Amino acid sequence: MNSGTTSVDEARNALGKRLRELRQQANLSGKELAESLSWPASKVSKIENGKQTPTDDDIRAWASATNAKHQVESLLAALHTLELQHAEWNRLLRAGMKSHQSSLTQQDEKTKLYRGFENTFIPGLIQTPDYARARFADAIMMHNVPNDINEAVKARMQRQEMLWRQDKRFHFVLTEAVLRYRLVSVDVMLAQLDRLMALSSMRNVRLGVIDFNTQYVADPRHGFWLLDNDLVRIETYSAELNLRQPQEIELYSAVFEQLAAVASYGGAARAIIARVMQDLSSEVDEAGE
């Protein structure tokens, strides 16, 4: 499933190719262009070969040095499209985590069907406040972004209000590993699992759980979200990927259906959750003895 990042790579390569053509049309070598901009020669090579994403200022300087100022607007549009596809967390969270949560509401408003697969953690739309707080704390530590946990948790809980809107439908598929990974304290996880129990009975929510004994058809290599048939969203350590190419949406839709087909639902899903809760409760009881 390397095609998950294909469109991002293609867009970066295409931008690099356009910039190389401008340099060649100006009869400049890579070394000459680098020297005129006081850049290391390697920077020109990396940008042209899609190994480094240029900044707005890089684009403007390149266009000026190659007598192509008339193409600045078009080049910046290409760059910003690339940035939307591959949004680095350090940039997304620069204004705080609440700001990013609020930005998601624009897509939320128009999305009618959410399909999400997770193999590591509980999805944000069904997290308890304490579980969400732990996830945001992890983001602060990893990306060194402003600490606005209280505001971010509040914004995430406000987003969750759409779970009760009858014009929206939600289909979550989780692996049993999600229920067992020690990302939060036992008490917080027990409360989170209790919430999953309640959500599994909601009319517009389908909650599937794939237990450890299940034979997979498609492997669960990473989590992803399908928003209607318009967008695939993937979170990596470094960035949020937003994929919109039809072939990518078709691929992820097919993978989701394969994962959903082997998941347990209803009473069977609740039985898996209950088993995990019992195991965690036993730990608490043993610790208290």
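Described below are features of the structure shown in this document.

## Some details on the overall build of the protein
Moving on, step 1. What the protein contains, in helices and strands, is 13 helices and seven strands.
Moving on, step 2. The proportion of buried residues among the 289 residues of the protein is 47%.
Moving on, step 3. Partitioning the contacts of the protein with sequence separation of at least 6, the portion at a separation of at least 24 is 78%.
Moving on, step 4. Here the protein has roughly 14700 Å² of accessible surface; of this, 49% comes from carbon and sulfur atoms.
Moving on, step 5. One way to put it: in the protein the 35 positive side-chain charges average out to a point 5 Å from where the 38 negative ones average out.

## Thoughts on the pairing of strand S2 (residues 113-118)
Moving on, step 1. Here S2 lies mainly inside the structure; six of its six residues are buried.
Moving on, step 2. Side chains Leu113, Arg115 and Phe117 of S2 all project onto a buried face; the interleaved residues Tyr114, Gly116 and Glu118 project onto the opposite face, where all are buried too.
Moving on, step 3. With six bridges connecting them, S2 and strand S3 (residues 169-175) associate as parallel partners. Each residue of the ladder has a partner; that of Tyr114, found in S3, is Phe170.
Moving on, step 4. Relative to strand S5 (residues 224-227), S2 is paired through four bridges, and the arrangement is antiparallel. Bridge pairing in S5 links Tyr114 to Leu227.

## Considering the environment of Val276
Moving on, step 1. Residue position: Val276 is located in helix H13 (residues 266-288).
Moving on, step 2. When the C-alpha atoms of Val276 and Tyr131 are compared, they prove to be 17 Å apart, with 145 residues separating the residues in sequence.
Moving on, step 3. The contact partners of Val276, leaving out residues within four places of it in the chain, are Glu176, Leu179, Arg180 and Leu193.

## Things to note about the packing of aromatic side chains
Moving on, step 1. Under the criterion given, the structure shown has seven aromatic pairs.
Moving on, step 2. Ring plane angle 65° and centroid distance 4.9 Å describe the contact between Phe224 and Tyr252, whose orientation is recorded as edge-to-face. Taken together, the positions of Phe224 in strand S5 and Tyr252 in helix H12 (residues 246-261) put the pair 28 residues apart, joining distant regions of the chain. With respect to class, Phe224 is no different from Tyr252; both count as buried.
Moving on, step 3. A connected cluster of aromatic rings, assembled from ring pairs, spans Tyr114, Phe170, Phe172 and Trp225.
Moving on, step 4. The ring of Phe121 has Arg135 lying over it, and the distance from NZ or CZ to the ring centre is 4.3 Å.
Moving on, step 5. The residue whose ring lies beneath Arg206 is Tyr265, and the NZ or CZ to ring-centre distance is 4.1 Å.

## A few points about helix H4 (residues 56-65)
Moving on, step 1. Inspection of H4 places Asp58, Ile59, Trp62 and Ala63 among the buried residues, and these make up the whole buried set. Projected down its long axis, H4 shows its buried positions confined to an angular sector of 130°, all on one face.
Moving on, step 2. Positive backbone phi, at 55°, marks Asn67, one or two positions downstream of H4.

## Remarks on helix H9 (residues 149-159)
Moving on, step 1. Ile149, Ala152, Val153, Ala155, Arg156 and Arg159 are the residues of H9 that are buried. End-on, the buried residues of H9 take up no more than an arc of 165°, which puts them together on one face. Opposite the packed face of H9, turned more than 90 degrees from it, sit the exposed residues Asn150 and Lys154.
Moving on, step 2. Packing partners of the buried residues in H9 comprise helix H7 (97-110) and helix H8 (129-143).

## Points about the nonpolar core
Moving on, step 1. One finds Ile122, Phe172, Leu179, Leu193, Leu196 and Ile273 to be the most contacted residues of the largest nonpolar core, which totals 34 residues.
Moving on, step 2. Of all the elements in the fold, those that place two or more residues in this core are S3, helix H10 (176-180), helix H11 (186-199), strand S4 (205-210), S5 and H13.
Moving on, step 3. No other element matches the seven residues that H11 contributes to this core.
Moving on, step 4. Filtering out sequence-adjacent residues up to four positions away, Phe172 remains in contact with Gly116, Pro123, Leu125, Ile126, Leu163, Val205, Arg206, Leu207, Gly208 and Trp225.
Moving on, step 5. Counting 19 residues, the second largest nonpolar core, distinct from the first, contains Ile210, Val232, Ile234 and Tyr252.

Parameters at a glance
- Residues numbered from 1 in each chain as written.
- Predicted model: local features only at pLDDT ≥ 70, side-chain atom pairs only at ≥ 80, totals over all residues.
- Heavy atoms only, no water.
- Helix = DSSP H or I, 4+ residues; strand = E, 2+ residues; numbered from the N terminus.
- Buried < 20%, exposed > 50% of the residue type's maximum accessible area, 1.4 Å probe, protein only.
- Contact = heavy atoms within 4.5 Å.
- Areas by Shrake-Rupley, 256 points an atom, 1.4 Å probe, with all protein chains shown as cover.
- Lys, Arg positive; Asp, Glu negative; His and termini not counted.
- Charge placed at Lys NZ, Arg CZ, Asp CG, Glu CD.
- Pairing = 2+ DSSP bridges.
- Phe/Tyr/Trp six-rings, centres within 6.5 Å; stacked < 30°, edge-to-face > 60°.
- Lys NZ or Arg CZ within 6 Å of the ring centre and 35° of its normal.
- Arc of directions from axis to C-beta.
- Core = buried A, V, L, I, M, F, W, Y, C linked by side-chain atoms within 4.5 Å.

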